[in-house]
Amino acid sequence: MTPVSEERREKAVLVGVDRPGASWPLASSLAELERLVDTAGADVAAVTTQKLDAPNPRTFVGSGKAEEVAELARAHAADLVVFDDELTPSQQSNLEKVVGKDVKVIDRTALILDIFALHATSKEGRLQVRLAQNEYLLPRLRGMWAHLASNRMGGGVGSRFGEGESQLEVDRRMVRKRITSIRRELKHLAEVRAIQRESRYESGMFKVALAGYTNAGKSSLLNRLTNADVLAYDKLFATLDSTTRKFELPEGREITVTDTVGFIQKLPTTLIEAFKSTLDEITGADLVLHVVDASSDEYEAQIAAVEDVLGQIEAQDLLRVLVFNKCDLLDGEQCGALKARHPQAQFVSAATGEGIAELVGHVARVASAQDEHLDVVIPYNRGDLVSVAHERCHILSEKHEEDGTHLVMLAAPSFAGLFRPYAAEKDR
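Starting from 1, residues in each chain are numbered consecutively following that chain's sequence as written. Two thresholds apply to this predicted model, a pLDDT of at least 70 for residue-level local features and 80 or more for giving and counting side-chain atom pairs, whereas whole-chain, interface and lining totals are computed over all residues. Water and hydrogen atoms play no part in the side-chain values, which are based on all heavy atoms of the structure.

For the protein chain, an unreviewed UniProt entry supplies the name GTPase HflX and the organism Gordonibacter pamelaeae 7-10-1-b. If you open the UniProt record of the protein chain and go to Subunit (unreviewed entry), you find "Monomer. Associates with the 50S ribosomal subunit." Recorded in UniProt under Subcellular location (unreviewed entry), the annotation for the protein chain is "Cytoplasm". UniProt positions are given in the numbering used here, feature names are shortened, and annotations may be inferred rather than shown by experiment.

What follows is the structure, given as structure tokens:
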């Protein structure tokens, strides 16, 4: 799909399949699909569902339901049909034959890729989306050039191979070449990002990453914490590019806070792979704040979806804290029930500032948990170390003595080695 004006938004028919053992209720999944369609720039004209034990290998839904979908598309003059699950290339091809050539048939994966394409702003973000799109497209090229063979050979028996297939192979080679080129360019950008990340690691700063379901309010929370100006809209996938900002804890120590791309249920594997370098911001963090939309009826399923993606990027063992955002949208009883269910979590509102001080205090305690208690006297000719202490450590007391600046402080393990040689006499 392409962005369209309000005067002519595309019309979509949504199709969902209710299968046993699904992690999300079908109604909730379709409601989210409707939001995705709206974000992509279309209106939902009709919704139809079917209960199946297993997808039909030819058309995903049953043949009768496929005909019903085609009728719905014609009755509502729909421009596209969107399936809530990923279709195989053959299923998509068979459905297109049933629905008709004037109506696009896409699945949830294609829809998400389309939204990512609309919202990617950085060079790396655009390349990551293009890579995922091309990897999605490659197995779906079959038959796209069949019209060339039939036009030039008159159709009928003997016309289903030849020049059309040759063009298909040429097109496949072009897509493979494009994928290789994009991967090469992304590898270079990933190396640049890795150098930038390494410099942050070497700085010894405590690193916090915000992860969570799309639209949980991560960007709003980053803005509230750091006075940043990151784009924050009430839309799915409003921001795709990771953003890192410095933040000063109450004791004066600086840390970094990084906002990352939001997750979603049934997030395409191709997207996870394409965004690997961006998601590395999570795997390199000392603490992950898992931001949850407290006002969502599906918050538990959303938590599970995020945990699943964290597992895919091997970040499941990182220290994590649940942060329930948008608590201003809950009444006292709802908030109390949520706190009783998740006693170890933090409860905030990025919109009003409620609970932010408590969250910052918790981050500060986690950041200092591994700190070493030091009692040092820094010579006056090493003012640079005093500056490091103020910027990176927690100063408990400071006195100016004859031999130098006497500091009692808590220092992260990565910094403690700088100060140990200056231990006060009683500590030597």
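Observations regarding the UniProt feature "binding site: Mg(2+)" (unreviewed entry) in the protein chain
The UniProt feature table records "binding site: Mg(2+)" (unreviewed entry) at Ser-219 and Thr-239. In this fold, Ser-219 is placed in helix 8 (residues 218-226). Categorising residues by exposure relies on relative accessible area from a 1.4 Å probe, with only protein chains included: less than 20% of the type maximum marks a residue as buried, more than 50% marks it as exposed, and the intermediate range marks it as partly exposed. Given the relative accessible area of 9%, Ser-219 is considered buried. Put simply, DSSP marks the helices as runs of H or I at least four residues long and the strands as runs of E at least two long, and each gets a number from the N terminus on.

Things to note about the packing of aromatic side chains
Only Phe, Tyr and Trp rings are paired, with Trp represented by its six-membered ring, and only when their centres lie within 6.5 Å; those with planes under 30 degrees apart are stacked, over 60 edge-to-face, the remainder tilted. Enumeration according to the criterion identifies four aromatic pairs in this entry. The interplanar angle of 80° and the centroid separation of 5.5 Å between the aromatic rings of Tyr-299 and Phe-324 together place this pair among those described as edge-to-face. You can see Tyr-299 sitting in helix 11 (residues 299-312) and its partner Phe-324 sitting in strand 9 (residues 320-325), a full 25 residues away along the chain. Measuring from centroid to centroid gives 5.4 Å for Phe-324 and Phe-347, while their planes differ by 10°, and the two rings are stacked. Linking Phe-324 in strand 9 with Phe-347 in strand 10 (residues 346-347), this pair joins segments that are 23 residues apart in sequence. Take Phe-324 and Phe-347: they sit in the same class, and that class is buried. Among the aromatic residues, ring-to-ring pairing joins Tyr-299, Phe-324 and Phe-347 into one connected group. Geometrically, a charge over a ring is one whose NZ (Lys) or CZ (Arg) sits within 6 Å of the ring centre while staying within 35 degrees of the ring normal. Here the guanidinium or amino end of Arg-140 rests over the ring plane of Tyr-136, the centre of that ring lying 3.7 Å away.

Looking at the nonpolar core
In terms of nonpolar packing, the biggest core is built from 54 residues, with Val-82, Leu-111, Phe-263, Leu-271, Phe-275, Leu-279 and Ile-282 touching the most fellow members. Throughout, the edges of the domains are those of an automatic or database domain assignment. Shared between two domains, this core takes at least three residues from each, and those domains are domain 1 (10-119) and domain 2 (204-368). By definition, residues are in contact when any of their heavy atoms lie within 4.5 Å. Once you skip the residues sitting within four places of it in the chain, Phe-263 turns out to touch Gly-212, Tyr-213, Thr-214, Leu-279, Ile-282, Val-306, Val-309 and Leu-310. Take the buried Ala, Val, Leu, Ile, Met, Phe, Trp, Tyr and Cys residues and link them wherever side-chain atoms come within 4.5 Å; each set so joined is a nonpolar core. Counting 25 residues, the second largest nonpolar core, distinct from the first, contains Leu-221, Leu-287, Ile-356 and Val-363.

Section: the pairing of strand 8 (residues 287-293)
Most of strand 8 is tucked away, with seven of its seven residues classed as buried. Neither face of strand 8 is open: one carries Leu-287, Leu-289, Val-291 and Asp-293, the other Val-288, His-290 and Val-292, and all of them are buried. Strands pair, by our definition, only if DSSP identifies at least two bridges between them. Alignment of strand 5 (residues 206-212) against strand 8, held across five bridges, turns out to be parallel. In the sheet register, Ala-211 faces strand 8, and the bridge partner there is His-290. Where strand 8 lies against strand 9, six bridges are found, and the strand directions are parallel. From the neighbouring strand, Val-292 faces strand 9, where its bridge partner is Phe-324. Orient the strands so they point away from the viewer; a crossover is then right-handed if the path from the first strand over the helix to the second runs clockwise. For the crossover that starts at strand 8, traverses helix 11 and ends in the parallel strand 9, the hand is right-handed.

Points about the side chain of Ser-296
Within the fold, Ser-296 resides in the loop between strand 8 and helix 11. Relative accessible area serves as the criterion here: at 16%, Ser-296 is assigned to the buried category. A polar contact is formed between the side chain of Ser-296 and the side chain of Gln-302, at a distance of 3.2 Å. Contacts described as polar in this section are N or O atom pairs within 3.5 Å, which, within protein, must combine one atom able to donate a hydrogen with one able to accept it, while residues neighboring in sequence count only if both atoms come from side chains.

Describing the pattern of salt bridges
Salt-bridge detection follows one rule: a side-chain nitrogen of Lys or Arg within 4 Å of a carboxyl oxygen of Asp or Glu. Applying the stated rule across the entire model yields 22 salt bridges. Close ionic contact of Glu-135 with Arg-183 constitutes a salt bridge, the shortest N to O distance being 2.4 Å. Pair noted here: Glu-135 is in helix 5 (residues 123-137) and Arg-183 is in helix 7 (residues 163-202), with a separation of 48 residues, a long-range link. Its salt-bridge partner being Lys-326, residue Asp-293 comes within 3.5 Å of it at the nearest N-O pair. Separated by 33 residues along the polypeptide, Asp-293 in strand 8 and Lys-326 in the loop between strand 9 and helix 12 (332-341) bring together distant segments of the chain. Both residues of the pair, Asp-293 and Lys-326, belong to the buried class.

Details of the packing of helix 8 against helix 13 (residues 356-368)
Between helix 8 and helix 13, the least distance of the axes is 11 Å, while the angle of their chain directions is 80°. When the interaxial angle is binned, helix 8 and helix 13 end up roughly perpendicular. For the pair helix 8 and helix 13, the contacting residues are Leu-221, Arg-224 and Leu-225 in the first and Ile-356, Leu-359 and Val-360 in the second. Here the contact of helix 8 with helix 13 is built from residues that sort into five nonpolar, no polar and one charged. What counts as an axis is a line fitted to C-alpha atoms, over the stretch in contact for a helix, and the angles between N-to-C directions run from 0 to 180 degrees. Geometric relationships in this document are graded by angle, where less than 35 degrees denotes roughly parallel, more than 145 denotes roughly antiparallel, 65 to 115 denotes roughly perpendicular, and other angles denote oblique. We call Asp, Glu, Lys and Arg charged. Ala, Val, Leu, Ile, Met, Phe, Trp, Tyr, Cys and Pro are nonpolar, and the rest, Gly among them, are polar.

A few points about unusual backbone geometry
Of note in the backbone geometry, Phe-60 takes a positive phi value of approximately 65° without being a glycine. Along the polypeptide, Phe-60 turns up in the loop between strand 2 (42-51) and helix 2 (63-75). Since its relative accessible area comes to 3%, Phe-60 is described here as buried. Look at Glu-314: it is not a glycine, yet its phi comes out positive at around 60°. Judged by its relative accessible area of 68%, Glu-314 falls in the exposed class.

Looking at the sheet that holds strand 1 (residues 10-18)
Read from one edge to the other, the open sheet built from four strands follows the order 2-1-3-4, with strand pairing classed as parallel. The open sheet is flanked by strand 2 and strand 4 (104-107), the only strands paired with a single partner. Taken over all neighbouring pairs, the strand axes of this sheet differ in orientation by 20° on average, direction set aside. Both strand 3 (residues 80-83) and strand 4 contribute to a ladder of four bridges, which runs parallel. Note that in strand 4 the partner of Phe-83 across the bridge is Asp-107. Helix 1 (residues 26-40) contacts strand 1, strand 2 and strand 3 of the sheet and is inclined by roughly 155° relative to strand 1.

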